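What follows is each chain in one-letter form.
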Amino acid sequence: MLLKREDSLLNDIFSKIDHEQELSKEDLVCLIALENAADLTRLYNLADRVRQKYVGDEVHLRGLIEFSNYCRKNCDYCGIRRGNRKIERYRMTIEEILDTVYEAAELGYRTVVLQSGEDMRYTADNLAELVRRIKRETDVAVTLSIGERSREEYERLYEAGADRFLLRFETSNRELYHRLHPDSNYDERMKILVWLREIGYQVGSGVMIGLPGQTIEDLALDILKFKELDLDMVGVGPYICHEETPLAGHANGTVEMTYKVIALTRIVTRYAHIPATTALATLRPDDGREEALQLGANVVMPNVTPVKYRALYELYPSKVCIREKATQCRGCIGGRILSLGRPISQGYGHSLYKKLNALGTAKFLKEDKK
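Every chain is numbered independently, its residues counted from 1 as its sequence is written. Given that the model is predicted, a residue must reach a pLDDT of at least 70 before its local features are reported, and side-chain atom pairs must reach 80 or more before they are shown or counted; all residues, however, enter totals for whole chains, interfaces and linings. Excluding hydrogens and water, the side-chain figures rest on all heavy atoms present in the structure.

1. A few points about the overall build of the protein chain
Secondary structure follows DSSP: runs of H or I at least 4 residues long count as helices, runs of E at least 2 residues long count as strands, and numbering of each begins at the N terminus. Within the protein chain, the regular secondary structure consists of 16 helices and 8 strands. The C-alpha radius of gyration of the protein chain comes to 20 Å, within 12% of the 21 Å expected for a compact globule of 370 residues. Looking at the 370 residues of the protein chain, the share that counts as buried comes to 57%. Summarising the internal contacts of the protein chain: among those between residues at least 6 apart in sequence, 74% fall at separations of at least 24. Looking at the protein chain as shown, the accessible area adds up to about 15600 Å², and 50% of this sits on carbon and sulfur atoms. To get the radius of gyration, use the C-alpha atoms; to get the globule rule, take the number of residues to the power 0.38 and multiply by 2.2 Å. Think of it in three bands: residues with accessible area under 20% of the maximum for their type are buried, residues over 50% are exposed, and the middle band is partly exposed, with areas taken using a 1.4 Å probe on protein chains only. Contacts between residues were defined by any pair of non-hydrogen atoms, one from each residue, lying within 4.5 Å. Only the protein chains shown count as cover for residues, and all accessible areas are computed by the Shrake-Rupley method using a 1.4 Å probe.

Spelled out as structure tokens, the structure:
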């Protein structure tokens, strides 16, 4: 009798998804807890249908440039945290960054992601001039992922031409957030995400799956927080333990739990861009990203950082593709995507929320390919 009640509850939740009704925290907890292979296949098929309906079949490529591994923060899970004395630090010069952007553009990337630790050596003036030159000299969209700055600095970078900003919060559980971020404030992080939206950025954020102390209830609330923040991009990847952090010895997050959260993020947010992350490929090199693309993801971020720096940007150990040249990464991931029967987007991959609201569906599809 209990099994029948559980089956009935699950069928009711799947029916909600079919009819595009809102899912509650309790619904999400039930789905995150799924272990039965048939039920998971049903969930993933539903998520893939939502992906196809709302963001289409195209996969968007973002060229990732990790330009500095200096960081003023001391987050407990991160390999480039300030307290890691064993890591070799580096900073790319502005000219090196520009040369890498030129290479990315030549390889066909329509977006570059400029990512670093919270390295204040790069001033707002430095970064604004860099963004202006990129926009003047290449035909790419620019995403910044440089951490917490003042509102005035965010405004200046947006005025210089930056299109998007990525600022992850990693967990919406306030207590867990403060435990993992000894020199960060949860409310400040959430305030900045609101600022970025107000300024005009396309806003990305995300969480790690499998953090020590995280529960499935936390993950359900994370998914609802993505919707509340009206995010344009949501990154969901497994936690991978780094031995030079206070969390040394903890188990990694799992690929399976990450897949469930990606699928539910697609179902709940619908239009958000969702990457198949490098962390997934690190834990499952053969097909980690490919599987994610078949259950809700629609973005891949190949690394175009110069090879001499790649291994040093060690957020977590054993990252894939650290010795491959940018041309090799582009060819490899392009082949993997095409093997799924999915086309690679030729557009910038701008926010579907913003473009649809401004243009309407038909015009958006035309404008984004310019």
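Next comes the rest of the description.
2. Quick word on the pairing of strand β2 (residues 63–68)
Among the 6 residues of β2, 6 are classified as buried, and the element is accordingly described as predominantly covered. With the strands aimed away from the viewer, a crossover counts as right-handed if its path from the first strand over the helix to the second runs clockwise. For the crossover that starts at β2, traverses helix α4 (residues 94–106) and ends in the parallel strand β3 (residues 111–116), the hand is right-handed.

3. Describing helix α9 (residues 216–229)
Across its 14 residues, α9 extends 20 Å between first and last C-alpha, which sits within 8% of the 20 Å expected from 1.5 Å per residue. Of all the positions in α9, only D218, L219, A220, D222, I223, K225, F226 and L229 are classed as buried. In the core, the buried residues of α9 are packed alongside α2 (25–32), α7 (174–180), α8 (186–199), β6 (202–209), β7 (233–238) and α10 (255–269). Backbone geometry just after α9 places D230 at a positive phi near 55°. Here, expected helix span is obtained from the residue count minus one, scaled by 1.5 Å.

4. Thoughts on the side chain of D27
With respect to the element layout, D27 can be found in helix α2. Classification of D27 by relative accessible area gives buried; the value is 7%. Beyond its immediate sequence surroundings of up to four residues, D27 is in contact with I13, K16 and E22.

5. Digging into the nonpolar core
Residues L31, L43, F67, Y77, L114, L196 and Y201 are the most contacted members of the largest nonpolar core, which totals 105 residues. With 9 residues, the single largest contributor to this core is α10. Contacts of F67, omitting those with residues within four sequence positions, involve Y90, R91, M92, I97, L114, Q115, S116, Y122, L127 and I146. Here the nonpolar core consists of buried residues drawn from Ala, Val, Leu, Ile, Met, Phe, Trp, Tyr and Cys, with membership extended through side-chain atoms lying within 4.5 Å.

6. Some remarks on the packing of aromatic side chains
Classification of ring pairs uses Phe, Tyr and Trp, with its six-membered ring standing for Trp, and accepts pairs whose centres are within 6.5 Å; under 30 degrees between planes counts as stacked, over 60 as edge-to-face, and the remaining range as tilted. For the structure on display, the rule yields 8 aromatic pairs. Consider the rings of Y90 and Y309, whose centres lie 4.7 Å apart with planes at 15°: the pair is stacked. Taken together, the positions of Y90 in the loop between β2 and α4 and Y309 in helix α13 (residues 307–310) put the pair 219 residues apart, joining distant regions of the chain. Here Y90 falls in the buried class, since its relative accessible area comes to 4%. Of the residues examined, Y309 reaches a relative accessible area of 11% and is grouped as buried. Between Y154 and F165, the ring centres sit 5.1 Å apart and the planes meet at 80°, which makes this aromatic pair edge-to-face. Taken together, the residues span a long stretch of sequence, with Y154 in helix α6 (residues 151–160) and F165 in strand β5 (residues 164–166) at a distance of 11 residues. Members of the aromatic cluster, each reached through a chain of ring pairs, are Y154, Y158, F165 and Y201. Note that R91 overlies the ring of Y70, its terminal NZ or CZ placed 3.7 Å from the centroid. In our convention, an over-ring charge means Lys NZ or Arg CZ found within 6 Å of a ring centre and within 35 degrees of that ring's normal.

7. Considerations on the environment of P246
Relative to the helices and strands, P246 is located in the loop between β7 and α10. In sequence terms P246 and N74 are 172 residues apart; their C-alpha atoms lie 9.9 Å from each other. With sequence-adjacent residues up to four places away left out, P246 is seen in contact with D76 and R81.

8. A closer look at the confidence of the model for the protein chain
On average, residues of the protein chain score 94 in pLDDT, and 94% of them reach the 70 mark or higher. Per residue, pLDDT measures the predictor's confidence, with a range of 0 to 100. Counted against residues more than four places away or in other chains, residues 359–367, with its pLDDT under 50, gives 8 contacts.

9. Thoughts on the state of the cysteines
Defined simply, a disulfide is a covalent bond joining two cysteines at their sulfur atoms. Note on terminology: pairs of cysteine sulfur atoms within 2.5 Å are recorded as disulfides. A full pass over the atoms with the stated rule returns 0 disulfides. Left unpaired, C332 is separated from the closest cysteine sulfur, that of C321, by 6.1 Å.

10. Comments concerning the pairing of β7
When you tally the buried positions in β7, you get 6 out of 6 residues, the bulk of the element. Of the two faces of β7, the one holding M233, G235 and G237 and the one holding V234, V236 and P238 are both buried throughout. Relative to β7, β6 runs parallel, the two being bridged by 6 bridges. Across the sheet, S205 pairs through a bridge with V234, a residue of β7. Handedness of the β6-α9-β7 crossover: right-handed. Strand pairing is assigned whenever DSSP detects at least two bridges linking the two strands.

11. Thoughts on the packing of α6 against α8
Note on geometry: axes are C-alpha line fits, over the in-contact stretch for helices, and angles between N-to-C directions span 0 to 180 degrees. It is at 10 Å that the axes of α6 and α8 come closest, and there the two elements cross at 35°. Regarding α6 and α8, the two cross each other, and that crossing is right-handed. Here R151, Y154, E155 and Y158 of α6 come into contact with α8, specifically with I192, W195, L196, E198 and I199. Residue polarity follows a fixed list, in which Ala, Val, Leu, Ile, Met, Phe, Trp, Tyr, Cys and Pro are nonpolar, Asp, Glu, Lys and Arg are charged, and the others, Gly among them, are polar. Per-class residue counts for the contact of α6 with α8 are 6 nonpolar, no polar and 3 charged. Crossings are assigned a handedness: left-handed for a near helix turned anticlockwise from the far helix by less than a right angle, right-handed for a clockwise turn.

12. Structural notes on the pattern of salt bridges
In the sections that follow, a salt bridge refers to a side-chain nitrogen of Lys or Arg positioned within 4 Å of a carboxyl oxygen of Asp or Glu. A full pass over the atoms with the stated rule returns 35 salt bridges. E95 is the partner of R133 in a salt bridge, and the nearest nitrogen-oxygen pair spans 2.9 Å. In this pair, R133 sits in helix α5 (residues 124–137) while E95 sits in helix α4, placing the two residues 38 residues apart along the sequence. One salt bridge in this structure joins D187 and R174, with 2.8 Å as the shortest N-O distance. One end of the pair, D187, is in helix α8; the other, R174, is in helix α7, with 13 residues separating them in the sequence. Exposure remark for D187: the relative accessible area of 42% places this residue in the partly exposed category. On the accessibility criterion, R174 (40% relative accessible area) is partly exposed. A network of salt bridges, in which partner residues are shared, links R72, K73, E118, E148 and R189.

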